[in-house]
Structures are given as C-alpha cells and as structure tokens.
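Each chain, written out:
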Amino acid sequence: MKKIFNFLKSLALFTFTIGLNAQEVKVNELLNKADIHFENGNDSAIHYTSLALELSIKNSDRKGEMNSLFQAAKNEYDRGDLAKSLETAYKSLNIAKEINSYNGITAAQNTIAKIQNRNGDFDNAKTLTQNNIKLAQQQNDSTSIAVFYEFYSSLYRSLGIIDSSLFYINKAIQINKTLKNDRSLGFIYNNLGIFHFTNGNNDSSLYYFHKSLAIRILTKDIKNQIQSKNNIGYINLKMGNNNIAISLFKEAIDLCRKHNSITYLDLSYTNLSEAYEQLGMHEKALTSFKKYTNIKDSINGENVRKQILKIESEIKIASEKEKSIILNKKLQAEKSYKSKQNILIILLIAILIGTILLSRISKKKTIKFIIERQKTNAAKAIIDEYEKIDN
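These numbers were taken from a predicted model, which means no experiment stands behind them. (Residues numbered from 1 in each chain as written. Predicted model: local features only at pLDDT ≥ 70, side-chain atom pairs only at ≥ 80, totals over all residues. Heavy atoms only, no water.)

What to know about the packing of aromatic side chains
Then, number 1: Under the criterion given, the structure shown has eight aromatic pairs.
Then, number 2: Ring centres 5.0 Å apart and planes at 75° place the aromatic pair Tyr 207 and Tyr 208 in the edge-to-face group.
Then, number 3: When its relative accessible area of 48% is taken as the criterion, Tyr 207 is described as partly exposed.
Then, number 4: Directly above the ring of Tyr 77 sits Arg 118, whose terminal nitrogen or CZ lies 5.3 Å from the centroid.
Then, number 5: If you follow Lys 211 out to its NZ or CZ, it ends over the ring of Tyr 189, 4.2 Å from the centre. (Phe/Tyr/Trp six-rings, centres within 6.5 Å; stacked < 30°, edge-to-face > 60°. Buried < 20%, exposed > 50% of the residue type's maximum accessible area, 1.4 Å probe, protein only. Lys NZ or Arg CZ within 6 Å of the ring centre and 35° of its normal.)

This is the structure in structure tokens:
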C-alpha cells in the first residue's frame, strides 16, 4: 500500500508540474511578444506585458512575475515615465533577490542605475553598477560584463573622469568584438562619439556617431537610430551645417512619431529649435521650443524628480513590510500547492479503491460461476454413472 501511495503522490506531482510548466511557457510567449514590440517602439508591448504579469500573479509564478515587472519597467523607462519605471524595477529586484535570480538582479539593478544616472544620482548608480560587474564576473558572463563596463564608462564621463571613462569603454569594445555583438558595439561607438565631442574633437565624434548609426540601421534598432541622428545632427549644428542638422532632427522626429517612441522626442525638438534659431527662423524656433517644453515637463519635470525621491524613500521604509508580504505570498502559494496536491492524491486513491472493489466483486462472481459449473458437471457425472450401473 505504501508503494501505491508513493506512486500516486509522484503522479500527482508530475501532473501538477505539467500544469505549471504550461503556464510558464504561456508567460514566456507573452513576454517574447512584448519584447519584439518593445524593440519596434510599439505600444502593444505594454498590452502583452500586462497579460504576462496578470497570468504570473494568478499562478503564483514568481519568476514570471519578476520578468513581467522588469519588462514593464523597460516599457515605462522608454516612454519617459522614470518615476513609475523606478518603482516597478524595485519590485522586480525584490522578487529577484527572493528567488536568487542572477539575471533578474542584474537586469533590475541596471535599469535602476540608468534612472539614477538620468536623475543625477551618480554615486548610487555607480555602486549598483559595481555590484553588477562583480556578479557578472562571478558568473563568467562576458556579454553582461561588456554592457556594465559600457555604462560604467558613461558614469565616469558624467563625473568628468575621462581616463577611467576611456579605459572601461575600450574594455567593453574588446569583449564585444570577441563576441561579435554588433548591437552592443553600436552603443559603445555612440558613447565614444560623445566622449570625443566632450573633448572638442568634432571630426572623431562624427566618425563614431556614423559608425554607430550604420550598425543600428543594420540591426534595425529604431529607437537608437533616433539617438544617432540627433547626435550627428547636433555635431553638424555646432560645425555650422544648419540645413544638414535640421534635416537630421526632422528625420529623428518622424521616426519618433512613426514608432510611437518619446524617449528622444524632447531632445529632437530642442535641437530643431536651436537650429531654426541660428538660421534666424524665430517663429519655427518658438514652435519647436514649445513642443520641447511640453514633452520635457511631462518626462523630466521637477514633479517627476520629487516623485522619484518619494518612491525611493517609500521603498526604503517599506522594505521590511515587502519582505513580510513576499513571505506570506510564498506561504499561501505553498499552501495552495499542497492543497491541490492532496486533492489530486485523494481523487487518485478513491479511483484506485473503486477499481480494487470492482475487481474483487468481479472475481467473486467468476469464482461463484466456476463453482456452480463444477457442481453441475459433478451432478451430471453421478447421474451418468448411475445410468451405466442400471444398464
């Protein structure tokens, strides 16, 4: 009986696991669709991410919930909602730490560091990036190490430490050339263009910006093509090539509108306004500047900065409460899992008992039938014997 019980328990676990795996596959499919639409700058990324998050929470799938929250943070960051992106990234990070996910921890921390960098909080961004580099080195993850070196370089550039910035960006180039990672090289060449522009080398800056744009066109990286066009246009603007600059800024704005990406839309309008101003086209300059102001206020206004600080404060205060909530959710998930498992085991035991009872009833009927047949045969044999004696 013990062997039968163990078998049924294993069968129940197997059946339940298959159900969970099917849900995980569904979540992964939704997140893959979300990522594809995200790369194309499409609002459908938000829709698929929401579906994945709802399904993950419904099935107590912590890994799926972590990945869905991270994708949501990416969506929000891309649309310029830094405060919301920061809050969502922290939620993803908490789950990543709970389930000890290396990819989840480094991805969330990298997003948080980017937001801190844009908000001028360089020290915290630097600390998080240092942590990510250490984790990536422990995992021997060369691809991620290159990404973090690149971001580390941009942080040093923001801090005005040029030698360190150049050192880390060259390390990132070496790794990505070895890995043949064109997409990452596009980011690095863009950063090198910024580096040379900062140091007054416009020709070198244009060279690297054009290299970056060529790679981004090749890899169909729309959002970062917008960035490259802005960068090339701005260098041309500083060199006095106003018409070329205006053409590039308009191309950047058209790409933003076409792919519904507002990440660089404010930058495109302020650059266009400056270009018109230099040509003495004041009315067009004013129109472009108004559009820039409206977008900037909605993305990077003072209210957003205050909201970011408030969120960071709330996250620190609520960290213990979050742990308690996570623990309760985990306990509830385990309780639900055991409850479903027990119901399945009871059902299988009931089926087994029913099968055994039916088998025994059938066996008794068979034995009774055999005995009756033997009695009949014996009686017939006696009668036949008497008939022989009479004869």
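Description of helix H4 (residues 82–98)
Then, number 1: Here H4 spans 24 Å end to end across 17 residues, near enough to the 24 Å set by a 1.5 Å rise per residue.
Then, number 2: Leu 82, Ala 83, Ser 85, Leu 86, Thr 88, Ala 89, Tyr 90, Ser 92, Leu 93, Ile 95 and Ala 96 are the residues of H4 that are buried. (Helix = DSSP H or I, 4+ residues; strand = E, 2+ residues; numbered from the N terminus. Expected span 1.5 Å × (residues − 1).)

Looking at helix H12 (residues 242–258)
Then, number 1: For H12, built from 17 residues, the straight-helix expectation of 24 Å at 1.5 Å per residue is met to within 8% by its first-to-last C-alpha distance of 24 Å.
Then, number 2: Residues of H12 that are buried: Asn 242, Ala 245, Ile 246, Leu 248, Phe 249, Ala 252, Ile 253, Leu 255 and Cys 256.
Then, number 3: Structurally, H12 contributes buried residues whose contacts are with helix H11 (222–238) and helix H13 (265–278).
Then, number 4: Where H12 ends, the next residue or the one after it, Asn 260, has phi of about 55°, a positive value. (Contact = heavy atoms within 4.5 Å.)

Observations concerning the pattern of salt bridges
Then, number 1: Taken as a whole and assessed by the stated rule, the structure comprises six salt bridges.
Then, number 2: Taking the shortest distance from any N to any O, the salt bridge between Arg 62 and Glu 65 comes out at 2.9 Å. Of the two residues, Arg 62 and Glu 65 both sit in helix H3 (residues 62–78), three residues apart, roughly one turn of that helix.
Then, number 3: Among the residues examined, Arg 62 registers a relative accessible area of 16% and is labelled buried.
Then, number 4: Note on Glu 65: relative accessible area 9%, which makes it buried.
Then, number 5: Of the charged contacts in the structure, one is a salt bridge between Arg 62 and Glu 98, with a shortest N-O distance of 2.6 Å. Of this pair, Arg 62 sits in helix H3 while Glu 98 sits in helix H4, and the two are 36 residues apart along the sequence.
Then, number 6: By relative accessible area, which is 25% here, Glu 98 ends up partly exposed.
Then, number 7: In this structure, a network of salt bridges that share partners links the residues Arg 62, Glu 65 and Glu 98. (Salt bridge = Lys/Arg side-chain N within 4 Å of Asp/Glu carboxyl O.)

Notes on a negative patch on the surface
Then, number 1: A cluster of like negative charges, contributed by Asp 384, Glu 385, Glu 387 and Asp 390, occupies part of the molecular surface.
Then, number 2: Along the polypeptide, Asp 384 turns up in helix H16 (residues 319–390).
Then, number 3: When its relative accessible area of 36% is taken as the criterion, Asp 384 is described as partly exposed. (Patch = residues over 30% accessible without salt bridge, like charges linked within 9 Å, V, L, I, M, F, W, Y side chains within 5 Å. Areas by Shrake-Rupley, 256 points an atom, 1.4 Å probe, with all protein chains shown as cover. Lys, Arg positive; Asp, Glu negative; His and termini not counted. Charge placed at Lys NZ, Arg CZ, Asp CG, Glu CD.)

Keep in mind these numbers describe shape, not what the thing actually does.
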